[in-house]
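Below are the chains, spelled out letter by letter.
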Amino acid sequence: MSYFRGIAVLVLSAGANAGIVTIGASKDNTLYESGLGDVSNGVGQHCFVGLTAEPSLRRTVIQFDVEGALPAGASFVGASLRMHMSKTIAGVTPVTLHRALTEWGEGASDAAGEEGVGAPAEQGDATWIHNDYNTYYWTQRGGDFAPAPSAPAALVGDNGHYSWGPWHGPYEDVAAWLDGSAANHGWVILGDESGGITAKRFDTRENPTEANRPVLRLYYIPACVADWNGDGLVNTNDVLGFLNEWSADAPSADLNASGNVNSLDMIEFLNKWTAGC
Ligand SMILES: [Ca+2]
Ligand SMILES: [Ca+2]
Ligand SMILES: [Ca+2]
C-alpha cells in the first residue's frame, strides 16, 4: 500500500504544471439589462447570467490574457474554462460562451449585498448599453458577441464548479487569440434567455475564496515531449508528469492527436522519452 501511495504523491508533485497552464481572469463584469445602461459591478465578488424574476436579463463578460502564456515551441491542443456557481433558485439551465467582438471594461463599481441588482456604473465599466461607461457604446444592447456558442452549453444546476471544454470547448477561440487571427475580447456568457426564472450567480476574480474564481486552463504538448516538465532534464519526473495528465484524460496527453487518450499515447510518450530530445 505504501508503495502505491508513494507513487501517487510523486505523480501529484512532479506533474503539477507539465502540459497545462492555468490562468486567472484579467477582468470580469456583469451586464445588467437596463434602459439607461448605468448599472454595473466591476469589482464585485459575483457575476450573473440568465433571466431574473423581474424579468430582466443578466450577461457576464470575462477575459483572460492568454498571449504569451505557453512555453516557447509548445503546441496548443486544448482549453477549458471553469467557473463556480454560488446562488440560484432556477433548476438545471444551459449556459453558453460566446466570443466577444468588442473591447469592454471593468471599472470600480461594487454592488452591495447579494449583488443581483448591481451598482451605479463607474468610469470604464461595461453596462447593458456601454462597453466603456459612459463614453462608448456596444453596437447592440447587451453586448457584441458571436451568435453561435463557442462550446457546448454547460448544464448548470446546483451550486458548484462547472466547465466548458477541454475536449469540445473554447479551444478555437483561444487558438485564434494566440495566433493573432482574432482580437482577444474574451467571452460574453449567456444563461437561458428563453423565459422563466433562469438566473445563475457565478463568482468573479475578486471573490475572496480563491478556489471559486474563474480559471482558464490551456493544454499544450511541449516542444520536447521527453522533457515533459521543461526543466532541461529527461528523467522519471517527466514520466510521472505525463502520467498525471494521461490519467486525467487531458488533451495534452493525446500525443497522437486521435481525439482521445489511451495506451497508444502512453506508448508514444515512452518511445520519445527513451529517444530523448
Ligand atoms: Ca470583476
Ligand atoms: Ca524534465
Ligand atoms: Ca490519442
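Each chain carries its own residue numbering, running from 1 in the direction its sequence is written. Starting at A for chains and at 1 for ligands, labels are handed out in the order in which the entities are written. Local features in a predicted model are, by the rule used here, given only for residues with pLDDT of at least 70; side-chain atom pairs are given and counted only at 80 or more, and totals for whole chains, interfaces and linings are based on all residues. With hydrogens and water stripped out, all remaining heavy atoms of the structure feed into the side-chain values.

**A word on the coordination of the calcium ion (ligand 3)**
Metal donors were taken as nitrogen, oxygen and sulfur atoms no farther than 2.8 Å from the ion, or 3.2 Å where the ion is Na, K or Ca. Water is excluded, so coordination may look unfinished. Around the calcium ion (ligand 3), the donor atoms from the protein are Asp-254 (OD), Asn-256 (OD1), Ser-258 (OG), Asn-260 (O), Asp-265 (OD) and Asp-265 (OD), and they sit 2.3 to 2.6 Å away. In short, tetrahedral needs four donors with all angles between 85 and 135 degrees, square planar needs four and octahedral six donors with opposite donors over 155 degrees apart and all other angles between 65 and 115, and whatever is left is irregular. Classification of the site at the calcium ion (ligand 3) as irregular follows from its six donor atoms and the range of 52 to 158 degrees in their angles at the metal. On the primary sequence, the residues serving as donors to the calcium ion (ligand 3) are separated as D-x1-N-x1-S-x1-N-x4-D. When its relative accessible area of 9% is taken as the criterion, Asp-254 is described as buried. On the basis of relative accessibility, which here comes to 28%, the residue Asn-256 falls in the partly exposed class. For each residue, the accessible area found with a 1.4 Å probe, counting protein chains only, is set against the maximum for its type, and the residue is called buried under 20%, exposed over 50%, and partly exposed in between.

**Some words on the coordination of the calcium ion (ligand 2)**
Within the protein, the atoms that donate to the calcium ion (ligand 2) are Asp-227 (OD), Asn-229 (OD1), Asp-231 (OD), Leu-233 (O), Asp-238 (OD) and Asp-238 (OD), at distances of 2.2 to 2.6 Å. For the calcium ion (ligand 2), the six donor atoms are set out with angles of 53 to 165 degrees between them, so the coordination reads as irregular.

**Digging into the state of the cysteines**
In plain terms, two cysteine sulfur atoms within 2.5 Å form what is called a disulfide here. The tally for this structure, following the rule as stated, stands at one disulfide. Residue pairing for Cys-224: its cysteine sulfur links by disulfide to Cys-277, the two sulfurs lying 1.4 Å apart. The chirality of the disulfide connecting Cys-224 with Cys-277 is left-handed, given an S-S dihedral of about -75 degrees. One end of the pair, Cys-224, is in the loop between strand E15 (215-221) and helix H3 (236-247); the other, Cys-277, is in the segment after helix H4 (263-275), and 53 residues separate them in sequence. When its relative accessible area of 72% is taken as the criterion, Cys-277 is described as exposed. The helix and strand labels rest on DSSP assignments: H or I over at least four residues marks a helix, E over at least two residues marks a strand, and numbering proceeds from the N terminus.

By themselves these figures say nothing about function.
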